[in-house]
Amino acid sequence: MSRTASRLLLAAAAGLAGLGIVSSSASFGGPGASAAGPTAQPSVRRLTESQYRAAIAEVFGPEIEVVGRFEPDMRVGGLAAVGASAVSITPAGFEQYDAIARHVAEQVFAPAARPRLVGCAPGGEDPAGAHCAAAFVGRVGLKLFRRPVALREVQAAVARTLAAAQRLGNFDAGLQATLVGMLTSPDFLFRIDLPAPRGPAGAIDGYSKASRLSFLLWNAPPDDALLDAAGKGLLDRPEDLRGQVDRMIASPKFVDGVRAFFDDFLQLRDMETLSKDGLIYPGFSTTVAAASREQVLRTITDLLVDHKGDYRDLFTTRRFAMTRALGPIYNVPVSGSGWSMYEFPEGDPRIGLLTQAGLLALHSHPGRTSPTLRGKSLRETVLCEQVPSPPANVNFAVVQDVNNATLKTTRQRLEAHLDDEECASCHKATDGLGLSLEQFDGAGQYRSTEHDEPIDTSGKFDKAAFAGVPALARLMHDSPKVSQCVVSTAWRYASGRDTGLADRPQLDRLNASFAAGGYRFIDLMRTIALDPQFYAMLRVPLTRPATTARADSKSQDRS
Amino acid sequence: MLKKSAAALTGAGLVCLAAVGLHAADAPTGGWPGTRTFVVSGLFVGGGGDPNGCPAQSPGNFDVYLASLPADQRAELSPPGKRRELQKQMWQHFGFRRMALWPGDFGGRAEVAKLPPDVKLHQKPSPAQLRAIAELNGFPKGKGSLAYQDQTLAYSSCTNPYDFPELAKGYVPYQGKISTGMNLDGKAGASNFSSPDGEKGVDNQLWRAIGCYKQSQEMNDPAFQEKVMLSARSPTLVEVSGIDDPRNDPDVTVRVLTGADPLVRDGAGKPLARASYSLDSDPSLVNVAHGRIVDGVLTTDPFDLRFVFREQIIDNVRVVRGAVVRARFKPDGNLDGGIYGYTTLSSYYDMVEHMTQDGADNVGLSCVAVRQALDRYADGYRDRATGKYTAISSEWRFHAVPAFVTGIPPQAPLGAGTARAMR
């Protein structure tokens, strides 16, 4: 592409100077709605990578490739969904978005795709292509921005398109530049709530509701039917809203939404970079890592969506998604090349998510297990507890000496490490759970001994003694903490913010509803999607800064 | 012997994923109860044990041809850098021909053959079409065979070994008194070896025939066998079922099977344990034998065995008659041992033909000498009509790691019995 064209493309991405500080003003122009009350803060969330991809597929079709690196997500309170409310776009990140946008636009205007995706051209009564550009911007803008493009926005875009077309001597080049501008606009890259033109202060408009709903249930932008309902104001009417929610839950895309939630909740994306020592775990590979992540998600959606199951059963299920790449890790035969469900028999050590290779490997070191990392993960993720980070001057020599002739098992080495009282205080919270998983090595493979010593898997969970993983799984299944944790996490995921004391009544209601409905995850999602609070702007003191959330510390106990 | 519910397990849903309750007895190991399956990572001709068994190395084609040249020409063509020129001259001298049936890279550049109108590209020609192609392209009358996975038409010492007897010059058989192997016929005669452990009457005439080739000796090295995987495209599987006691069980069933999936390797390039394999759909490749385990060593009764050797350009079904599998269950979970029996000459000749002249030249073999030696040392399954032996005693050594077979349960009814025709 010529330098002139590059400058025009960048120029077409109007209003981007302000991207470093995200505000509620829509830089593509914004519809100019009235401001909300002084205490209502609209939510602004950057699209995650998967949401970006889903948006491109929704607007232009799945055959359009999205190639490039995205700005990394930031976790706040363990969730990237909450972190999305706290992040902006760096200059380097914008360059990436720009490159991705150009590649997408090139594909849209490629000869094979253009007739379907652009649909018009200059000629006849539209010699310069102004009507064509207006139609394109209006149609594509509605889908990309998830709201109608205001007339003045369309006019400005048409003017830029025609100017660029004249400069470049090519209408398509001008319109392509406009598309790049739209794809790099904050209106696309951020989910920006807009206040309702009418109604109580703090209410959001129908299109913002549609976005919240679709990203919660589908992890994707609204489809035509949902945008249509939003435009007609139907989402303000409980019976119509319920109809839309039921339609969306019945859609195959609901699985994508559930997957996105658990991918974030269990922090499975970290598995993309998971690697193991090839000499110690020769059976573990990047293929196995990717399959392990997929296994967790497929196991979850099989139980919670396909079988409309009880969330707590995830901890006791013996029905695992399985594919051939994982067979050697689980030591089971797997036929066929695709995915299918494998049922472990009663008495088998594999029971529930805690014993899936992906989570076990993720919370281990490259060449050995880590009861501490495993326990910390369970405490923080599944039980929503906080575990403090270790001090910087801890001596891990005993724990790391895996070939210690006297201390043959990890439990023995950890117990020696805990002679230090300062260490013991934190390890008590984590290691009890983690040690019960010691029958699974750092790659998630079963073992009954370590250096020929039988592995002790007993422990305590909330003062209840247990012997072995199946007993722990049952305790976790029955623990109110476990079900309450997924409720609060789902609410934080949906609202894109951390919860406080003011959320307590809301969470109490959700917990009661979740329990009364038999802990069906689908019902939890439906309840949230129908809850008026889900569509309310956050009410904050006027003095509160726009972005105050603090990113999670990356430091973790290394023992 | 574990009878369990194998018969009840042969219905629909046998496919391993309906595994509820099937492997609890062996938990946490998956698979069928009382069954251990292994994938063979390499099959090598075994034998030898006498360091003085080969007074000299058997020469390959290049060696024989060079020896036939005047001294000055021999000196000129001997350096390794002259290999291509040497081969070209040798092929011209013997009139070897090699033509690609259609454009493509079939192990090196080759002239593309002219085809009669009724021959379609990329479709294996019929015998009549083959003769027509050979005639059209100037092959010697009646000569020319398909080679290189049926992609080329060739005339060489590997396709027609009896046409080039001079390439057998200098051949050296293994002349040691000791060799690994097994006493297959219960007799101890002059042609037999003693095993390194002192067992008399060891039958391993295949090693006598080819044991002095450099390639045979290299591949017989345990260190080589540890590193190199053979027949990785369609590995052989050994399944032992009905095991009550893995150390001693007088009654087990052994199946030797052929996988339809390539050998799965781990991150270090070694065979990956516990991988799953589906089976070749050819029922004649399901071989069953009765066996026993004594002190951790599995031994079968003799049975007729067909297995596939598919490696690089070779795609060959090998047939071993009166085969005995003898192998040790190792503490690390692997299985090491051998298949001992009479390899049919026809299946071995087929492998030699698949090797192609290029292959034989490059690994230092003489197809002619090998063919003559097999004819000479064959010692099993005499054809009553011709009075000639049709098979040669042999040892196929293997290493195997734990694996799973999917799709067919152990001891399932077979599609073919042991009475099937043998090549």
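Each chain carries its own residue numbering, running from 1 in the written order of its sequence. Working convention: letters from A go to chains and numbers from 1 go to ligands, in the order in which they are written. The predicted nature of this model means local features are confined to residues of pLDDT at least 70 and side-chain atom pairs, given and counted, to a pLDDT of 80 or more, with totals for whole chains, interfaces and linings taken over all residues.

Student: Help me out: how do you make sense of the overall build of chain B in this one?
Tutor: Per the convention used, a helix needs a DSSP run of H or I reaching at least four residues, while a strand needs a run of E reaching at least two, with both numbered from the N terminus. Summing up its helical and strand segments, chain B has nine helices and 15 strands in all. Here contacts are defined at the residue level, using C-beta atoms placed from the backbone and a cut-off of 7 Å between them. Within chain B, contacts between residues at least 6 apart in sequence are counted, and of these 68% link residues at least 24 apart.

Student: Would you mind showing me how to read the overall build of chain A here?
Tutor: The helix and strand tally for chain A stands at 24 helices and ten strands. Going through the 559 residues of chain A one by one, you find that 47% of them count as buried. Relative to all contacts within chain A whose residues are 6 or more apart in sequence, the contacts with residues 24 or more apart total 70%. Exposure is read from a count of other C-beta atoms within 10 Å of each residue's own; the residue is exposed at 12 or fewer, buried at 20 or more and partly exposed in between. C-beta atoms are placed from the backbone.

Student: For this particular structure, what's the right way to read the environment of G186 of chain B?
Tutor: Looking at where G186 of chain B falls in the secondary structure, it is placed in the loop between β5 (152–155) and α5 (205–210). Linking G186 of chain B and D203 of chain B, residues 17 residues apart in sequence, is a C-alpha distance of 9.4 Å.

Student: Just to check I follow, could you spell out helix α24 (residues 521–530) of chain A for this structure?
Tutor: Residue pairs three or four apart in sequence face the same way in an α-helix, which turns once every 3.6 residues. By the burial criterion, the buried members of α24 of chain A are F521, L524, M525, T527, I528 and A529 of chain A. Residues of α24 of chain A that are buried sit in contact with α10 (206–217), α12 (238–250), α14 (286–306), α22 (480–495) and α23 (504–516) of chain A.

Student: Explain the sheet that holds strand β2 (residues 97–100) of chain B here, please?
Tutor: Pairing between the strands of a sheet comes from backbone hydrogen bonds, and it takes one of two forms, parallel or antiparallel. Residues and elements named next belong to chain B. What the four strands build is an open sheet, ordered β3-β2-β5-β4; its pairing is mixed. Both edges of this open sheet fall to β3 (111–112) and β4 (145–147), since each of them pairs with a single strand only. Two strands make a pair as long as DSSP finds a minimum of two bridges between them. Of the strand pairs in this sheet, β2 and β3 are connected by two bridges, and their pairing is parallel. Bridging across to β3, M99 finds its partner in E111.

Student: Would you explain the domain arrangement of chain A in this entry?
Tutor: How large an interface is tends to be reported as the accessible area lost when its parts come together. Residue and element names in this part refer to chain A. Segmenting chain A into domains produces domain 1 (3–204) and domain 2 (259–478). Across the boundary between the two partners, domain 1 contributes five residues, which contact five residues of domain 2. In the side of domain 1 that touches domain 2, the residues fall into three nonpolar, two polar and no charged. What marks off one domain from the next here is an automatic or database domain assignment. Note on residue classes: Ala, Val, Leu, Ile, Met, Phe, Trp, Tyr, Cys and Pro are nonpolar, Asp, Glu, Lys and Arg are charged, and everything else, Gly too, is polar.

Student: Looking at this structure, I do not really get the domain arrangement of chain B. What am I missing?
Tutor: Residues and elements named next belong to chain B. Each assigned domain of chain B is listed here: domain 1 (7–52 + 171–405) and domain 2 (61–168). For domain 1 versus domain 2, the separation of C-alpha centres amounts to 32 Å. For the side of domain 1 that touches domain 2, the secondary-structure elements that each account for two or more residues are α8 (345–363) and α9 (367–377). Take the side of domain 1 that touches domain 2: its biggest share by element is eight residues, from α8.

Student: I keep staring at the environment of G198 of chain B and nothing clicks. Help me out?
Tutor: All names here are of chain B. Within the secondary structure, G198 is located in the loop between β5 and α5. The class of G198 is exposed, set by 7 C-beta atoms lying within 10 Å. A C-alpha to C-alpha distance of 8.5 Å links G198 and I178, two positions 20 residues apart in sequence.

Student: Any chance you could explain the confidence of the model for chain B here in plain terms?
Tutor: Parts of the prediction with low pLDDT should not have their coordinates interpreted in detail. Residue and element names in this part refer to chain B. Predictor confidence is given residue by residue as pLDDT, running from a minimum of 0 to a maximum of 100. Per-residue pLDDT for chain B averages 86, and the proportion of residues at 70 or more is 88%. Looking over chain B, one finds the lowest element-wise mean pLDDT in helix α7 (residues 222–227), namely 81, and the highest in strand β10 (residues 297–300), namely 98. A low-confidence stretch, residues 1–29 (pLDDT under 50), is modelled with 60 contacts involving residues beyond four sequence positions or located in other chains. Interface confidence in the predicted complex, given as ipTM, is 0.75; pTM for the same model is 0.81.

Student: Just to check I follow, could you spell out the packing of helix α7 (residues 151–168) of chain A against helix α8 (residues 171–183) of chain A for this structure?
Tutor: Helix packing geometry: the angle between the two helix axes and the distance between the axes. Residues and elements named next belong to chain A. Only the contacting stretch of a helix is used when fitting its axis, a line to C-alpha atoms as for every element, and angles between N-to-C directions run 0 to 180 degrees. Axis separation between α7 and α8 bottoms out at 7 Å; the angle between their running directions is 135°. The angle between α7 and α8 falls in the class oblique. The hand of the α7/α8 crossing is right-handed. For the pair α7 and α8, the contacting residues are A157, R160, T161, L162, A164, A165 and L168 in the first and F171, A173, G174, L175, A177 and T178 in the second. Among the residues making up the contact of α7 with α8, the classes are represented as nine nonpolar, three polar and one charged. Here is the rule for angles: anything less than 35 degrees is roughly parallel, anything more than 145 is roughly antiparallel, 65 through 115 is roughly perpendicular, and the remaining ranges are oblique. Here a crossing is taken to be left-handed if its near helix is turned anticlockwise relative to the far helix by less than a right angle, and right-handed if that turn runs clockwise.

Student: Help me understand the pairing of strand β15 (residues 389–405) of chain B in this model?
Tutor: Residue and element names in this part refer to chain B. Counted residue by residue, β15 has 16 buried out of 17 residues, so it is predominantly covered. Both strand β1 (residues 36–45) and β15 contribute to a ladder of seven bridges, which runs antiparallel. The residue of β15 that forms the bridge with G42 is H399. Both strand β8 (residues 275–277) and β15 contribute to a ladder of three bridges, which runs parallel.

Student: Sorry if this is basic, but what is going on with the pairing of β5 of chain B here?
Tutor: All names here are of chain B. The side-chain alternation of β5 yields two buried faces, one formed by T152 and A154 and the other by L153 and Y155. Bridging between β2 and β5 involves four bridges; their strand directions are antiparallel. Residue pairing for β5: R98 is matched across the bridge by A154. Examined bridge by bridge, β4 and β5 share three bridges and lie antiparallel to one another.

Student: Would you take a moment to explain the confidence of the model for chain A for this structure?
Tutor: All names here are of chain A. Looking at chain A as a whole, the pLDDT averages 87, with 85% of positions reaching at least 70. Per-residue pLDDT stays below 50 along residues 1–27; that stretch engages in 50 contacts with residues further than four places along the chain or on separate chains. Counted against residues more than four places away or in other chains, residues 544–559, with its pLDDT under 50, gives 31 contacts.

Student: Just to check I follow, could you spell out α22 of chain A for this structure?
Tutor: Residue and element names in this part refer to chain A. Take the number of residues in a helix, subtract one, and multiply by 1.5 Å to get its expected span. Between its first and last C-alpha, α22 extends 23 Å over 16 residues, near the 22 Å set by a 1.5 Å rise per residue. Of the positions making up α22, those classed as buried are V482, V486, V487, T489, A490, W491, R492, Y493, A494 and S495. At the C-terminal side of α22, G496 shows a positive phi close to 70°.

Student: Got a minute to help me understand the nonpolar core in this structure?
Tutor: Where a protein is soluble and globular, its nonpolar side chains tend to be buried together. A set of buried Ala, Val, Leu, Ile, Met, Phe, Trp, Tyr and Cys residues, joined through C-beta atoms within 7 Å, is what we mean by a nonpolar core. Counting residues in hydrophobic clusters, the biggest one holds 132 residues, and the most contacted among them are L183, L326, A490 and I528 of chain A. The two domains that each donate at least three residues to this core are domain 1 (3–204) and domain 2 (259–478) of chain A. Look past the residues within four positions of I528 of chain A in its chain and what remains in contact with it is L216, A490, W491, A494 and F534 of chain A. One finds F38, C54, M229 and L279 of chain B within the second-largest nonpolar core, a separate group that totals 91 residues.

Student: Looking at this model, I keep getting lost on the packing of helix α4 (residues 91–108) of chain A against α8 of chain A. Mind explaining?
Tutor: Residues and elements named next belong to chain A. Between α4 and α8, whose axes approach to 9 Å, the crossing angle comes to 135°. With respect to their mutual orientation, α4 and α8 come out oblique. Crossing geometry of α4 relative to α8 is assigned as right-handed. Taken together, the residues of α8 that come into contact with α4 (itself represented by A101, R102, V104, A105 and V108) are Q176, L179, V180 and L183.

Student: I would appreciate a short explanation of unusual backbone geometry in the present structure.
Tutor: All names here are of chain A. One non-glycine residue, H451, lies in the positive phi region at around 50°. Mapped onto the elements of the fold, H451 is located in the loop between β6 (449–450) and β7 (453–454). Classification of H451 by C-beta neighbours within 10 Å gives partly exposed; the count is 13. Unusually for a residue other than glycine, D462 sits at a positive phi of about 50°. Looking at where D462 falls in the secondary structure, it is placed in the loop between β8 (458–461) and β9 (464–467). Accessibility expressed as a C-beta count within 10 Å gives 11 for D462, which makes it exposed.

Student: Looking at this structure, how should I read the environment of E95 of chain A?
Tutor: By the secondary structure assignment, E95 of chain A is in helix α4. The spatial distance from the C-alpha of E95 of chain A to the C-alpha of R69 of chain A is 9.9 Å, given a sequence separation of 26 residues.

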